[in-house]
Amino acid sequence: MRLRLPTPGRAALKRRTLEDVIVDAVVWIVMIGFSISVIYPFWTMLIDSFSTPENVYSLGFRLWPRPATIEAYRDVLSKDTVGIAYYNTVLRTVAGTLVTLFVSFSAAYALARRTLPLNKTITLLMIFTMFFSGGLIATYLWMGQIGLHNNRLALILPPAASAYYIIIMRNFFRAIPPELEESAFMDGASAYTVLLRIIVPVSMPVVATIALWSAVFHWDSWFDALLYTPKREQLVLQLMLRRILIEHQASNLFDLSVDELESSFVVETIKAATLYIAIGPIILLYPFLQRYFVKGIMTGSLKG
Amino acid sequence: MSEQMMVAAEGAKRGAGARGTFLKEVYRHREYLLLLLPALVIFVLFRYIPMAGIVIAFKKYTIAGGLFGSPWVGFTYFERLFDSEKFYQVLWNSIRISFLKIAIGFPGPIIFALLLNEVRQVAWKKSFQTISYLPHFVSWVVVGGIVRDVLSVHGVVNGMMGFFGAEPRLFLQEMHSFLPIVITSMIWKNIGWGSIIYLAAITSIDPDLYEAAEIDGAGRVRRMWHITLPSITHVIIILFLLRIGNILEAGFDQIFNLYNPLVYDVADIIDTYVYREGISGFQYSLTAAASLFQNLVGLMLLLMVNVVTRRMQADYSVV
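Rules behind the numbers
Residues numbered from 1 in each chain as written. Chains lettered and ligands numbered in written order. Predicted model: local features only at pLDDT ≥ 70, side-chain atom pairs only at ≥ 80, totals over all residues. Helix = DSSP H or I, 4+ residues; strand = E, 2+ residues; numbered from the N terminus. Buried ≥ 20, exposed ≤ 12 C-beta atoms within 10 Å, placed from the backbone. Contact = placed C-beta atoms within 7 Å. Axes fitted to C-alpha atoms, helices over the stretch in contact; angles between N-to-C directions. Parallel < 35°, antiparallel > 145°, perpendicular 65-115°, else oblique. Left-handed = near helix turned anticlockwise from the far one by under 90°. Domains from an automatic or database assignment. Expected span 1.5 Å × (residues − 1). Bend = angle between axes of the 7 residues up to and from the residue. Core = buried A, V, L, I, M, F, W, Y, C linked by C-beta atoms within 7 Å. Nonpolar A, V, L, I, M, F, W, Y, C, P; charged D, E, K, R; others polar.

S.K.: For this particular structure, what's the right way to read the overall build of chain B?
M.R.: For chain B, the helix and strand inventory stands at 17 helices and 0 strands. Dimensions of chain B, computed from C-alpha atoms along their principal axes, come out at roughly 100 × 60 × 35 Å. Here chain B holds 319 residues, and the buried ones make up 34% of them. Residue pairs in contact within chain B that sit at least 24 positions apart in sequence constitute 67% of those at least 6 positions apart.

See below:
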């Protein structure tokens, strides 16, 4: 029987040297080892969340929950706090991303005009904010003075204009062929018409990237919430998670009954379920959206 | 009219003309400037006014006076800061953690990219990549929770060590294991995502180079060392210099979600100190002084780094 070779037949014909074998062994051991180190902790947490409290610690290495139960999820989802935190997180993510897109997109479009007065100065002043800031204390006190303590706007407005996002978008706009706009201007269109009718449609790739970055940023943010919206009715998921996972306050936060508190295992399954309720959307979505995230890194990082 | 006056008049006319054109330009671009306005307002309100608010480090903060109306006290808080042992401890911890992160953590994504590049099966390569991104997409709160779970008395690490007969330990409460935990968890979270940029640089290498090297009898290790690595050196240098510029930032989110009072001696960094003593402890002016010190040193380092990069090659500089 004839061997059918892949097109660069020469390489395939060549014998694998000892070096090839060793390199492959190292590469595969590292890659599989690292992948397990990533998946295993997430997997055990997932198993815990589907376990009965008595079973959480029973098996050293857990690969499958036995018996499987959705008790912990039912328990967690029945708490008001989770609903409130979910609502607040979705609210800040949607509103925050929309505001960020609006503010950054329009600023980037303006700065893409090289003829704009003070263009260079404004850009430099923007970039400067990436490297120097008033620091935590001055920012925190100022936010209080303008009434943004215990105010959801404190989570949405400050990140809306980011020098990094604006520069990535500006670079994208500058790469659009000018002829596209010129014909519209000749027909007497205003800057806004051109922006909406011509620029927005061709900018979907960069908009998708920035929207996703911004959405993940908002979903994962917790420190600004700790500073500005720590109260229960404004609680966000990450802060709730921090209270449960790091500060061990599940009992206060969820008003657990005395019975539930007696067994610390209940707290463990509840912790795991809460974790998955908070990170579930991200874990489910990122494998399908990763190329948009990655694309932004390529266009943005080296041109800063 | 004397010659002097003529020159002066000429100058004035030119000045007015320039101002005229500037205003004309502003008017011509009014639509664009309006588009820029929301971003400008945000930058002024949330970046530049707080920057001016740094003056609080030179004032005694009062609620009535606020950031700008409180009475001046000069360098009082700086003197107090530089007299306190705590400040030197958190400064040293910041530098040490950051240095270790650079020394041990920086090569991580480079090595990861080189190794991943050796995986020939596209489906596996993609899978490894996707898995490696996972920790990037969750917050340090989540990673903190996972680290606690893995290192808990019932966790997998104690489980494995128990298999060899070791007593369970509380790693996060031991001073000598805290730094290794910080470095490891940082690498774990960032190695996949950090390798993207190197992988992108690797894919742009001319495949002819590899073929030529292969014909010359270079094995895979030598091709990696003599072709892949030199081809991405420029990317490595830029990212390294950028990282050096941030040496006083040891990673607030991470430390804050991992540390506890038992390990403050090695774990407390400037940022956590500022949060705890400043926001929770109401020592606004003192900690603002620490913040300002950190920011100034950071800015100086960055400017120095930028000068170096500019000298090396104009394309590399950031600002």
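S.K.: For this particular structure, what's the right way to read the overall build of chain A?
M.R.: A tally of regular secondary structure across chain A gives 16 helices and 0 strands. In chain A, buried positions account for 38% of the 304 residues. Within chain A, residue pairs in contact and separated by at least 24 positions form 76% of the contacts whose partners lie at least 6 positions apart.

S.K.: In this structure, what is going on with the packing of helix α4 (residues 80-112) of chain A against helix α11 (residues 204-220) of chain A? I would like to understand it.
M.R.: When two helices pack together, their arrangement is given by the angle between their axes and by how far apart the axes lie. Residue and element names in this part refer to chain A. At a minimum axis separation of 9 Å, α4 and α11 run at an interaxial angle of 140 degrees. The orientation of α4 with respect to α11, classified from their angle, is oblique. Considering only the axes of α4 and α11, their crossing is right-handed. On α11, the residues touching Thr89, Arg92, Thr93, Gly96, Thr97, Thr100, Leu101, Ser104 and Phe105 of α4 are Val207, Ile210, Ala211, Ser214, Ala215, His218 and Trp219.

S.K.: Where do I start with the interface of chain A and chain B in this structure?
M.R.: Of the residues lining the interface, 74 residues belong to chain A; the matching set on chain B comes to 72 residues. For the side of chain A that touches chain B, the leading source of residues is helix α2 (residues 18-49) of chain A, giving 14 residues.

S.K.: What should I look at first to understand the domain arrangement of chain A in this one?
M.R.: The domain architecture assigned to chain A consists of domain 1 (18-73) and domain 2 (79-300). Centre-to-centre, using C-alpha coordinates, domain 1 of chain A lies 31 Å away from domain 2 of chain A.

S.K.: Can you walk me through helix α2 (residues 30-52) of chain B in this structure?
M.R.: One turn of an α-helix holds 3.6 residues; hence residues three or four places apart share an orientation. If you check α2(B), its first and last C-alpha atoms are just 29 Å apart, much less than what 23 residues at 1.5 Å a residue would give, namely 33 Å. Considering bend angle alone, the principal kink of α2(B) is centred on B:Leu37 and spans about 40 degrees; proline B:Pro38 follows within four residues of it. For α2(B), the set of buried residues is B:Tyr32, B:Leu35, B:Leu36, B:Ala39, B:Ile42, B:Phe43, B:Phe46, B:Arg47 and B:Pro50. Each element contacted by the buried residues of α2(B) is listed here: α4, α5 (119-131), α6 (135-145), α8 (163-174) and α10 (191-202) of chain A.

S.K.: Explanation requested: the nonpolar core in the structure shown.
M.R.: In a soluble, globular protein the nonpolar side chains are often hidden away together inside. A:Ala107, A:Ile166, A:Met169 and B:Ile56 are the most contacted members of the largest nonpolar core, which has 135 residues in total. If you tally residues by element for this core, the top one is helix α10 (residues 175-203) of chain B, at 11 residues. The residues touching A:Ile166, leaving out its near neighbours within four places in the chain, are A:Ser104, A:Ala107, A:Ala108, A:Leu111, A:Met126, A:Ala161 and B:Ala39.

S.K.: Is there a simple way to explain the domain arrangement of chain B in this structure?
M.R.: All names here are of chain B. With domains assigned, chain B is organised as domain 1 (3-69) and domain 2 (77-316). Domain 1 and domain 2 are separated by 39 Å when their C-alpha centres are compared. Contact with domain 1, which involves 6 residues of that partner, is made by 6 residues of domain 2. Among the residues making up the side of domain 1 that touches domain 2, the classes are represented as 4 nonpolar, no polar and 2 charged.

S.K.: I'm lost on helix α7 (residues 122-137) of chain B in this one. Help?
M.R.: Counted at 1.5 Å a residue, the expected span for α7(B) with its 16 residues is 22 Å, and the 23 Å between its end C-alpha atoms agrees. Of the residues making up α7(B), those classed as buried are B:Phe128, B:Gln129, B:Ser132, B:Leu134, B:Pro135 and B:Phe137.

S.K.: Is there a simple way to explain unusual backbone geometry in this structure?
M.R.: Residues and elements named next belong to chain A. The backbone of leucine 118 shows a phi angle near 65 degrees, a positive value even though the residue is not glycine. Mapped onto the secondary structure, leucine 118 falls in the loop between α4 and α5. We classify leucine 118 as partly exposed; it has 15 C-beta atoms within 10 Å. A positive phi angle, close to 55 degrees, is found at asparagine 150, a residue other than glycine.

S.K.: Looking at this model, I keep getting lost on the environment of A:Val200. Mind explaining?
M.R.: Along the chain, A:Val200 turns up in helix α10. Separated by 36 residues in sequence, A:Val200 and A:Tyr164 have C-alpha atoms that sit 19 Å apart.

S.K.: Explain the environment of B:Gln173 to me, please; I cannot follow it from the model alone.
M.R.: Residues and elements named next belong to chain B. Assignment of secondary structure puts glutamine 173 in the loop between α9 (156-163) and α10. By the C-beta count within 10 Å, which is 13 here, glutamine 173 ends up partly exposed. As a C-alpha pair, glutamine 173 and isoleucine 54 span 119 residues in sequence and 35 Å in three-dimensional space. Residues in contact with glutamine 173, not counting those within four places in the same chain, are Asn260, Leu262 and Val263.

S.K.: Explain the packing of helix α4 (residues 76-83) of chain B against helix α17 (residues 284-312) of chain B here, please?
M.R.: All names here are of chain B. Packing of α4 against α17 brings their axes to within 9 Å, and their N-to-C directions diverge by 75 degrees. In this view, α4 runs roughly perpendicular relative to α17, as classed from their interaxial angle. Taken together, the residues of α17 that come into contact with α4 (itself represented by Tyr77, Phe78, Arg80 and Leu81) are Ser285, Leu286, Ala289 and Ala290. Among the residues forming the contact of α4 with α17, the class breakdown is 6 nonpolar, 1 polar and 1 charged.

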